Amino acid sequence: MAVFSNQATLTYNGQSTNSNIAYGEILDVLAVTKTPVENSYSQGETVTYTVALRNTGGNALNGLTLSDDLGGYQFGNTTVYPLTYVEGSVLYYVDGVLQPAPAVTAGPPLVITGINIPANGDAVIVYQAVANSFANPEIGGTITNTVTVIGDGLSAPITAEATVDALTTAALSISKAITPSQVVDNDRVTYTFVIQNTGNEAVTATDDAVITDTFDPILTALAVSFNGTPLVEGTDYTYNEATGLFTTLPGAITVPAATYTVDTTTGEYILTPGISTLTVTGTI
């Protein structure tokens, strides 16, 4: 919607007087909404967007161009883009019927041309983008991106925006090593379990993370520690010397959240995983 105004001037006998100001509105014939299918994002994951265009006018709108700024924001003297368009992902529907794919320039910005909407009709554009290393992965991070539609029959560009939030979650992985790797009977060996968290949320005692392992060959005379602090059998873990089954008890394993720094040159987010270490030493 655009507002316009006019004022007239009357001149007579060397004098002039102004009329009142008359106001009017130019109503938009095109309504645009943008909706993310996913409510949250993680770096490397895909976000699907749906852009709905409704032509309320009595004439068709042909040859429209839609652009998406892919969430671009200012970093220093440049613009960085937290979304990367997924090639070939555009789907184009007119009045519910799938159409041949329009022309697409991946950008950034993403540009889709040749959109036609019949009188009193609808068009829907669906496409995907991946949250990249410029997407803020921290708790409270967001991506807001805006679509703009221009073309003949429109009095001004029409815009719509959508915001998705960084997913709040822990993301754990575990690795295991043994030292020494070559042993003889009655040697002491140490199993080291390294748990990494690449998520932005810590794993706390109430999350009940548990590590289970069956040692083969079976170990005896265990010494167990977590992040350098000794653990107590029966309180922090259980061990069956008949079967070799080792299990930490709920609450014993915690892992800090990942931390993030921003590259001062590029603006990319650099992830440092949160790490916890469990060691189990025993005699073979």
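Please refer to the structure placed before this passage.
Residues numbered from 1 in each chain as written. Predicted model: local features only at pLDDT ≥ 70, side-chain atom pairs only at ≥ 80, totals over all residues. Heavy atoms only, no water.

A. The overall build of the protein, seen in detail. Assigned secondary structure in the protein consists of 0 helices and 26 strands. Over its C-alpha trace the protein gives a radius of gyration of 31 Å, far above what one expects of a compact globule, namely 19 Å for 284 residues. Expressed along its principal axes, the backbone C-alpha trace of the protein runs to roughly 115 × 50 × 35 Å. Scored against the burial criterion, the 284 residues of the protein give a buried share of 34%. (Helix = DSSP H or I, 4+ residues; strand = E, 2+ residues; numbered from the N terminus. Rg over C-alpha atoms; globule rule 2.2 N^0.38 Å. Buried < 20%, exposed > 50% of the residue type's maximum accessible area, 1.4 Å probe, protein only.)

B. Structural detail: unusual backbone geometry. Put simply, G107 and P108 share a cis peptide bond, and its omega is 15°. Looking at the secondary structure, you find P108 in the loop between β12 (103-105) and β13 (110-117). With an omega of 10°, the peptide bond between D216 and P217 qualifies as cis. Although it is not a glycine, A221 adopts a positive phi angle of roughly 55°. In this structure, A221 sits in strand β20 (residues 220-226).

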